[in-house]
Amino acid sequence: MQPISEIYGELDKQAKRVVITMHQKPDADALGSSLGLYHLLTRLGHDVTVISPTNWARFLSWMPGADRVLDFEGMQDKALAVLRQTDWIFCLDFNTLSRTKRMAPVIEGLDCVKVLIDHHEEPQADRFTYGVSDPSKSSTSEMVYDFIIHSGHGDLINEAIAECLYAGVMADTGSFRFPVTTAAVHRMVADLKDRGLRHWLVHEYIYDNFLENRLRFMGHVLLNRMEVFYEYNAALIAIPKSDLLRFEIQTGDTEGLVNYPLSIQGIRLAGLVIDRDEERKWSFRSKGSFDTNTFARRYFNGGGHYNASGGRSADSLTQTVAQFKKALQENITALQTEYPIPLTNEQV
Ligand code: 5GP
Ligand code: MN
């Protein structure tokens, strides 16, 4: 994989056919970074199509350009025709092609320029012609912003680009609270504000845009499906399929749920498992020095970031929950390490 800076000179030359894709079930960062890049490349005169491997949460559909995104599962023939013609494919917000689900073998087989922009650990760098992979970045949306600025096209950032990129950074930093929220992130937001960003609308579109059943589902889950293990500073939410049916849960309705147990004093690891048709899908979140990337890789065939990861299991819900409890026991030392870091008055 060559440095992404090598393509800067190509951006304002001859118009190209471009596909932008991201991981399956795209979240605000995956879709926001893709649409931010879509608007930039379109403004530069390229013929750009965004293809998502699957559908996405209803609360992301406000993003400018989302109505033009092709869902590979829903519109496979059309998406394949575009993919076969493309000169470039940009792969955003994933590290391994398998995260594009059924699109993976198609991308693998394409004979075009492949560009990676991502912030996950251990990317499949040998599959890409150009790219940038930086796990120290808050989000892929921040990396797309860097791409726009470093390639000399900051003047093309309009409200649409600003709002798509802001949504991604906001979501991946937990609304600017996780440690990845660097000074550079705040400088980027200040710059987007100068270029017309209406940040309050983005917060409302993403966080105040659910149906009643979703809030009732949250209440039910927190009351009846959460287990707290104080001896391990950990908590678990396990959701059976019957709950998904009862509350008519759609893609995206369970997003953010895994963070709630971390608001309990002393809890530093939260696990969420959902009984999906094809698999049991795990999400992990931690605070401080507990490495959820290694945890997900070791026990649940997954991965991700240090403090946020995911995985999967083919076992039943009961079996995979038992495996989680066993894993807690095996990680007791790491889980009992002192946290939060005591504040000091040394500077006073
Ligand atoms: P989420 O819990 O939001 O699904 O995922 C949290 C983080 O873990 C995301 O950055 C996502 O990319 C990563 N992740 C989720 N599921 C998987 C998985 O099955 N495999 C890998 N390698 N990463 C995952
Ligand atoms: Mn991301």
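The paragraphs below set out a description of the structure included in this document. Predicted model only: the values in this text are computed from it and were never measured.

### Digging into the overall build of the protein
Phase 1: Looking only at helices and strands, the protein has 12 helices and 13 strands in total.
Phase 2: Relative to the globule expectation of 20 Å for 348 residues, the C-alpha radius of gyration of the protein, 20 Å, shows essentially globular dimensions.
Phase 3: C-alpha atoms of the protein, sized along the principal axes, occupy 60 × 60 × 40 Å.
Phase 4: A burial count over the protein gives 51% of its 348 residues as buried.
Phase 5: Contacts spanning at least 24 positions in sequence make up 66% of the contacts within the protein whose residues lie at least 6 apart.
Phase 6: When the accessible surface of the protein is summed, it comes to about 16200 Å², and 49% of that surface belongs to carbon and sulfur atoms.
Phase 7: Charge-centre separation for the protein: the mean point of 36 positive side chains lies 3 Å from the mean point of 45 negative side chains.

### Quick notes on the coordination of the manganese ion (ligand 2)
Phase 1: Here the manganese ion (ligand 2) is held by the protein donor atoms Asp29 (OD), Asp93 (OD), His119 (NE2) and Asp172 (OD), which lie 2.2 to 2.4 Å from it.
Phase 2: Summarised as a motif, the one-chain spacing of the donors to the manganese ion (ligand 2) is D-x63-D-x25-H-x52-D. With Asp93 in the loop between strand S5 (88–92) and helix H3 (104–109) and His119 in the loop between strand S6 (113–118) and strand S7 (130–133), the pair connects residues that are 26 residues apart, well separated along the chain.
Phase 3: His119 gets classed as buried once you look at its relative accessible area, which sits at 3%.

### Brief notes about the pattern of salt bridges
Phase 1: Enumeration over the complete set of coordinates arrives at 22 salt bridges.
Phase 2: Between Asp126 and Arg127 there is a salt bridge whose closest N-O contact spans 3.6 Å.
Phase 3: A salt bridge links Glu212 to Arg216, with the shortest nitrogen-to-oxygen separation between them at 2.8 Å. Linking Glu212 with Arg216, this pair stays in helix H8 (residues 212–224), spanning four residues, or about one helical turn.

### Looking at the pairing of strand S13 (residues 308–313)
Put simply, side chains in a regular strand alternate between the two faces of the sheet.
Phase 1: Note: strand S11 (residues 280–286) against S13, six bridges, orientation antiparallel. Directly across from Arg285, in S13, lies its bridge partner Ala308.
Phase 2: Both strand S12 (residues 303–304) and S13 contribute to a ladder of two bridges, which runs antiparallel. Bridging across to S13, Gly304 finds its partner in Ser309.

### Regarding the environment of His23
Phase 1: You can see His23 is positioned in the loop between strand S2 (17–22) and helix H1 (28–43).
Phase 2: Those residues in contact with His23, other than ones at most four positions away along the chain, are Ala30, Pro53, Leu92, Asp93, Phe94 and Arg99.
Phase 3: A distance of 3.0 Å separates polar atoms of two side chains, one belonging to His23 and the other to Asp93.

### A short note on the side chain of His39
Phase 1: Locating His39 in the fold gives a position in helix H1.
Phase 2: Here the side chain of His39 touches Pro64 through a polar contact of 2.8 Å, landing on its backbone oxygen.
Phase 3: Residues in contact with His39, not counting those within four places in the same chain, are Pro64, Gly65, Ala160, Ile161 and Cys164.

### A word on the site of ligand 1
Phase 1: Around ligand 1, the structure places 14 residues, and the nearest of them are Arg99, His120, Lys281, Ser283 and Arg312.
Phase 2: Take His120: an N or O atom from its side chain is 2.9 Å from an oxygen atom of ligand 1.
Phase 3: Between ligand 1 and the protein, one listed contact pairs an oxygen atom with a side-chain N or O atom of Arg312 at 2.6 Å.
Phase 4: Taking 490 Å² as the accessible area of ligand 1 by itself, protein coverage stands at 80%.
Phase 5: Secondary-structure elements contributing two or more residues to the shell around ligand 1 are S11, S12 and S13.
Phase 6: Sort the elements by how many residues they give to the shell around ligand 1 and S13 lands first, with five residues.
Phase 7: Of the residues assigned to the shell around ligand 1, the class counts are one nonpolar, nine polar and four charged.

### What about the sheet that holds strand S10 (residues 269–275)?
Phase 1: Within the open sheet, the six strands sit side by side as S8-S9-S10-S11-S13-S12. Their pairing is mixed. Bordering the open sheet on either side are strand S8 (226–229) and S12, each of which pairs with just one other strand.
Phase 2: Against the sheet, helix H11 (residues 317–330) touches S8, strand S9 (234–239), S10, S11 and S13, its axis set at about 165° to S10.

Cut-offs used in this document
Residues numbered from 1 in each chain as written. Chains lettered and ligands numbered in written order. Predicted model: local features only at pLDDT ≥ 70, side-chain atom pairs only at ≥ 80, totals over all residues. Heavy atoms only, no water. Helix = DSSP H or I, 4+ residues; strand = E, 2+ residues; numbered from the N terminus. Rg over C-alpha atoms; globule rule 2.2 N^0.38 Å. Buried < 20%, exposed > 50% of the residue type's maximum accessible area, 1.4 Å probe, protein only. Contact = heavy atoms within 4.5 Å. Areas by Shrake-Rupley, 256 points an atom, 1.4 Å probe, with all protein chains shown as cover. Lys, Arg positive; Asp, Glu negative; His and termini not counted. Charge placed at Lys NZ, Arg CZ, Asp CG, Glu CD. Donors = N, O, S within 2.8 Å, 3.2 Å for Na, K, Ca; no water. Salt bridge = Lys/Arg side-chain N within 4 Å of Asp/Glu carboxyl O. Pairing = 2+ DSSP bridges. Polar contact = N/O pair within 3.5 Å; in protein donor to acceptor, adjacent residues only side chain to side chain. Near = heavy atom within 4 Å. Nonpolar A, V, L, I, M, F, W, Y, C, P; charged D, E, K, R; others polar. Axes fitted to C-alpha atoms, helices over the stretch in contact; angles between N-to-C directions.

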